Amino acid sequence: LRWSTGTDAARWRARHGSRAWDVRAWHTRFDADIDWAQRSRLVSSLEDLGAAATGTWTRGSASLSAGLDAQRYDVRYRVSRQPAAPSAIAASPDSLASPLSITGAPLLASAFVETRLRAGTRWSTALGIREQLADGAFRAPEPRVSVDFAPSPRIAFSVGLARLHQDVQSLRNEESPLDAV
């Protein structure tokens, strides 16, 4: 098993009276290389390059946030057979063939708006929507709503509902079609 990860990121935040700004940029990478059952090899990588900007305006107990973000994923999975012995490579050049190879590099851009209202010191609610542009087409809107209750400063309960689109699937996720390989 060979495993590596890396992250580079920058963030700038500013507050001017009732307005706040948050700008982020990042580059992350994950690589895994696994020899499987002495006959197969799995190579997986995920690279995420992105930037996001959010503006928040607050007035009394209400706030409004709006923002834009863009991400480019580079995803690669490859399962290949390994020869039983080094001499098998010369005898069968197809012995290292890749029976399964998946790649993708989608560019995703989205815009969102969210409002948050506080009712006293214990209750708050949020309502928002996000629209995403993926591969040149708009997806269905992603609405979200949540309610928070904090009976004390150290205890809080939250309930929320959101519609989300999962753009990149991980091999480490049990929902992956490749998790049984």
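Here, every reference points to the structure presented above.
S.K.: Could you give an account of the pattern of salt bridges, with specific residues and numbers?
M.R.: When charged atoms on two side chains of opposite charge get close, those side chains can pair. With the rule as written, the count across this model stands at ten salt bridges. With a closest N to O distance of 2.9 Å, aspartate 31 and arginine 29 form a salt bridge. The partly exposed category is assigned to aspartate 31, whose relative accessible area is 23%. Close ionic contact of aspartate 148 with arginine 116 constitutes a salt bridge, the shortest N to O distance being 3.2 Å. Of this pair, aspartate 148 sits in strand β9 (residues 142–152) while arginine 116 is found in strand β6 (residues 107–119), placing the two residues 32 residues apart along the sequence. For arginine 116, a relative accessible area of 27% gives the class partly exposed.

S.K.: Kindly report on the nonpolar core, identifying the contributing residues and their values.
M.R.: Formed by Tyr73, Val75, Tyr77, Leu108 and Ala134, the largest nonpolar core amounts to five residues. Here this core takes three residues from strand β4 (residues 62–81), the largest share from any one element.

Definitions and limits used
Residues numbered from 1 in each chain as written. Predicted model: local features only at pLDDT ≥ 70, side-chain atom pairs only at ≥ 80, totals over all residues. Heavy atoms only, no water. Salt bridge = Lys/Arg side-chain N within 4 Å of Asp/Glu carboxyl O. Buried < 20%, exposed > 50% of the residue type's maximum accessible area, 1.4 Å probe, protein only. Helix = DSSP H or I, 4+ residues; strand = E, 2+ residues; numbered from the N terminus. Core = buried A, V, L, I, M, F, W, Y, C linked by side-chain atoms within 4.5 Å.

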